[in-house]
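Structural overview for review
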Amino acid sequence: MKAGSCLVLSICALSLCGLTVGQRIEDICTLFSDNTVIRDPESCSRSITCVDGKSTYSTCKSPTPFFDKDTLKCVKTLPDTENCNISCENAATRFVRDPKSCFGYYYCIDEQTPVYGTCPDATHFNEAIQECIWSTASECHSSKFDYCSIIKNGVNFDNTLGCNRYYVCTKGKLEDKTCKSGYYQRRTGECVAKTLVNCDAHPLPANVCGTTKSPKPNTLVPDGATCHGYFICADKGPNTPDENPTWARCKDDLFFDKNSQSCIEPNKVACSEDRCQGRTLPFVLSSTKGCRHYLRCTNGRTLDERSCGNFFFDEANAVCVSQILTYDIC
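Because the structure is predicted, anything quoted here is derived from the model rather than measured.

What about the UniProt feature "domain: Chitin-binding type-2" (unreviewed entry) in the protein?
- The residues that UniProt annotates with the feature "domain: Chitin-binding type-2" (unreviewed entry) are residues 26-84, 85-142, 145-201 and 206-273.
- Helix and strand shares over residues 145-201 are 0% and 35% respectively, and the end C-alpha atoms of the span are 24 Å apart.
- For residues 206-273, the end-to-end C-alpha separation is 17 Å, with 0% helix and 28% strand making up the annotated structure.

In structure tokens form, the structure reads like this:
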């Protein structure tokens, strides 16, 4: 069976019979908070609801075949600025292409009623011959899209270039925002404490690799966000600090020590960040003075801090003991 013979079947399966549509791009919902609704960047007629970083698709049907990103409703027409100018005029009982993707199309039942459909995987729609053809034989190429063309104004979404960065559309323009404190949490769409976010794209501390007067070539520098992470500052020449150092981390249960430029036992490293991060133990020593406190850890994050009272915390055995114990950090 050639690809073109699948076309009419797709109309039934996708638009009339109510079956789900196959996903063609990397899941965009990895950027959005739960229950966010956007228009599918690859269709004028589909919406996407994001839950747990995964997309759930819905398709608008005639007589309201297009999805409006601002009202979050299916509508008869969209503004010209949306690049969704699909017309069935003089195209009754024919197929017309969806301008948002290579594989989407509309079947014109009459001159007023477009019905959305898609070609099977690995095929593109060819309007000239009215068939789905193999993508390897297609001259159609996917183009980049503007996030603000599929998202309503005021919706925050993740900027994966930095743990503390996120995007938002304001009056149709994309803005790159930075959390005033903490890191951006995709799931909630808010800035929260750093320890609540699993992210390795840590922002660079100011002058992390030195200045033009005093650069730090071939030096390891704490990342300022974790106890086990550090930046590798390369030698860029005289009076030239490394502006894009590489981030790296110690193996589990080791912390980075800037003095020795190495990864060592955690209880020998003074660090004010979450001491559960990078640890595999359920209980770790707190840096609270006296060595009588410990942290309860879950999934590499601090759950809470507890005290041994008049006893001392023995991390190796995860118990409070009467024997006096001292560590460099407390």
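Digging into the nonpolar core
- Counting 18 residues, the largest nonpolar core has Cys-44, Phe-66, Ile-86, Val-96, Tyr-105, Tyr-106 and Cys-119 as the members making the most contacts within it.
- Listing elements by their share of this core, those giving two or more residues are strand E6 (95-97) and strand E7 (104-108).
- With 3 residues, E7 is the single largest residue contributor to this core.
- In this structure, Tyr-106 is in contact with Cys-44, Ser-45, Phe-66, Ile-86, Arg-94, Phe-95, Val-96, Arg-97, Asp-98, Pro-114, Val-115 and Tyr-116, ignoring residues within four places of it in sequence.
- Residues Ile-28, Cys-29, Ile-48 and Val-155 belong to the second largest nonpolar core, which totals 13 residues.

Section: empty space enclosed by the protein
- Within the structure shown, the criterion is met by 1 cavity of 30 Å³ or more.
- Each pocket or cavity is described by its volume, and for the largest cavity that value is around 30 Å³.
- What lines the largest cavity is Tyr-183, Lys-194, Val-197, Cys-199, His-202, Ala-225, Thr-226 and Gln-277.
- Grouping the constituent residues of the lining of the largest cavity by class yields 4 nonpolar, 3 polar and 1 charged.

Focus on the state of the cysteines
- Tallied over the entire structure, the rule returns 14 disulfides.
- Here Cys-276 engages in a disulfide with Cys-297; their sulfurs sit 1.9 Å apart. Its S-S torsion of about -70° marks the bond between Cys-276 and Cys-297 as left-handed, since a negative value means left-handed. Linking Cys-276 in the loop between strand E20 (262-264) and strand E21 (283-285) with Cys-297 in strand E22 (residues 293-298), this pair joins segments that are 21 residues apart in sequence. Note on accessibility: Cys-276 and Cys-297 belong to one class, buried.

Some points on the sheet that holds E22
- Taking strand neighbours across the sheet as the criterion, the 3 strands line up as E21-E22-E23 in an open arrangement whose pairing is antiparallel. The sheet terminates laterally at E21 and strand E23 (301-307), the two strands that pair on one side only. The average undirected angle you get between the axes of adjacent strands in this sheet is 35°.
- With 6 bridges connecting them, E22 and E23 associate as antiparallel partners.

What counts as what
- Residues numbered from 1 in each chain as written.
- Predicted model: local features only at pLDDT ≥ 70, side-chain atom pairs only at ≥ 80, totals over all residues.
- Heavy atoms only, no water.
- UniProt positions renumbered as here; feature names shortened; annotations may be inferred.
- Helix = DSSP H or I, 4+ residues; strand = E, 2+ residues; numbered from the N terminus.
- Core = buried A, V, L, I, M, F, W, Y, C linked by side-chain atoms within 4.5 Å.
- Buried < 20%, exposed > 50% of the residue type's maximum accessible area, 1.4 Å probe, protein only.
- Contact = heavy atoms within 4.5 Å.
- 1 Å grid on protein atoms, 1.4 Å probe; cavity = no way out; pocket = protein on both sides within 12 Å on 5 of 7 lines; lining within 4 Å.
- Points joined across faces, edges and corners; volume = space filled by probe spheres on them.
- Nonpolar A, V, L, I, M, F, W, Y, C, P; charged D, E, K, R; others polar.
- Disulfide = S-S within 2.5 Å.
- Pairing = 2+ DSSP bridges.
- Axes fitted to C-alpha atoms, helices over the stretch in contact; angles between N-to-C directions.

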